[in-house]
Amino acid sequence: QVQLVESGGGLVQPGGSLRLSCVASGIHFSIYAMSWYRQAPGKERELVASIPSTGGRSNYADSVKGRFTISRDNAKNTVYLQMNSMKPEDTAVYYCNAGLGWSDYWGQGTQVTVSS
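So, here is what we can say about the structure in this document.

**Let's talk about the nonpolar core**
A general trend in soluble globular proteins is that nonpolar side chains are found buried together.
Logical step 1: Within the largest apolar cluster, 28 residues are counted, with the highest numbers of intra-cluster contacts made by Trp36, Val79, Leu81, Met83 and Tyr94.
Logical step 2: Those elements that place two or more of their residues in this core are strand S3 (18-25), strand S4 (33-39), strand S5 (46-51), strand S7 (68-73), strand S8 (78-83), strand S9 (92-100) and strand S11 (110-114).
Logical step 3: Once residues within four sequence positions are removed from consideration, leucine 81 is found in contact with Leu18, Arg19, Leu20, Trp36, Val48, Ala49, Phe68, Thr69, Ile70 and Tyr94.

Structure (structure tokens):
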């Protein structure tokens, strides 16, 4: 079965850093575009960052540009989200997504809390 498993979430202070990982199984990972989404309580889920299957140009939400970096390692079936200079408004559940045409798979999410 298809599985996307996120890890690396937790509590971090404002200005701190955190790195999320998502390991995929059950799909041909290298041909899927990978994305990170997040959802805060009472808010809609929003796209944070995406990276094409080739590992080329990535896209970022304006709110995280210059602070977050998405990357992937196709040999490890893993996508990462490096989060620096974190702010309280980054607090959310972060979800990993794999997309290819009509296929769309989601992880269970990992909680990220930015607080002093």
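**With respect to the pairing of S8**
Logical step 1: Most of S8 is tucked away, with 5 of its 6 residues classed as buried.
Logical step 2: Bridging between S3 and S8 involves 6 bridges; their strand directions are antiparallel. The partner of cysteine 22 across the bridge, within S8, is valine 79.
Logical step 3: With 6 bridges joining them, S7 and S8 adopt antiparallel strand pairing. Bridge pairing in S8 places arginine 72 opposite valine 79.
Logical step 4: Between S7 and S8, which pair antiparallel one after the other, the connecting turn spans 4 residues, and asparagine 77 there sits at a positive phi close to 50°.

**Some points on the sheet that holds S3**
Logical step 1: Taken in spatial order, the 4 strands of this open sheet run S1-S3-S8-S7, and their pairing is antiparallel. Of all strands in the sheet, those bounded by a partner on one side alone are strand S1 (3-7) and S7. The sheet shows a mean angle of 15° between the axes of neighbouring strands, direction not considered.

**Quick look at the environment of glycine 10**
Logical step 1: Following the sequence through the fold, glycine 10 ends up in strand S2 (residues 10-12).
Logical step 2: Distance from glycine 10 to glutamine 111, taken between C-alpha atoms, is 6.1 Å for residues 101 residues apart in sequence.
Logical step 3: Setting aside chain neighbours within four positions, we find glycine 10 in contact with Leu18, Gln111, Val112 and Thr113.

**Some remarks on the state of the cysteines**
Logical step 1: As enumerated under the stated definition, the model contains 1 disulfide in all.
Logical step 2: Disulfide pairing is shown between cysteine 22 and cysteine 96; the S-S distance is 2.1 Å. Because the sign of the S-S torsion sets the handedness, a value of about -80° for the bond joining cysteine 22 and cysteine 96 places this disulfide among the left-handed ones. Of this pair, cysteine 22 sits in strand S3 while cysteine 96 sits in strand S9, and the two are 74 residues apart along the sequence.
Logical step 3: Judged by relative accessible area, which is 0%, cysteine 22 ranks as buried.

About the thresholds
Starting afresh in each chain, residues are numbered from 1 along the sequence in its written order. The predicted nature of this model means local features are confined to residues of pLDDT at least 70 and side-chain atom pairs, given and counted, to a pLDDT of 80 or more, with totals for whole chains, interfaces and linings taken over all residues. Here the side-chain values reflect all heavy atoms present in the structure, with hydrogen atoms and water set aside. Only buried Ala, Val, Leu, Ile, Met, Phe, Trp, Tyr and Cys residues count toward a nonpolar core, and they belong to the same one when joined by side-chain atoms within 4.5 Å. Accessibility here uses a 1.4 Å probe with only protein chains present; expressed as a share of the type maximum, an area under 20% marks a residue as buried, one over 50% as exposed, and anything in between as partly exposed. Secondary structure is summarised from DSSP: a helix means a run of H or I of at least four residues, a strand means a run of E of at least two, and numbering begins at the N terminus for each. Any two residues whose heavy atoms approach within 4.5 Å are treated as being in contact. Strand pairing follows a simple DSSP-based rule, namely that at least 2 bridges must link the two strands. With axes taken as lines fitted to C-alpha atoms, and helix axes fitted only over the stretch in contact, angles between N-to-C directions fall between 0 and 180 degrees. Any pair of cysteine sulfurs within 2.5 Å is marked as a disulfide.

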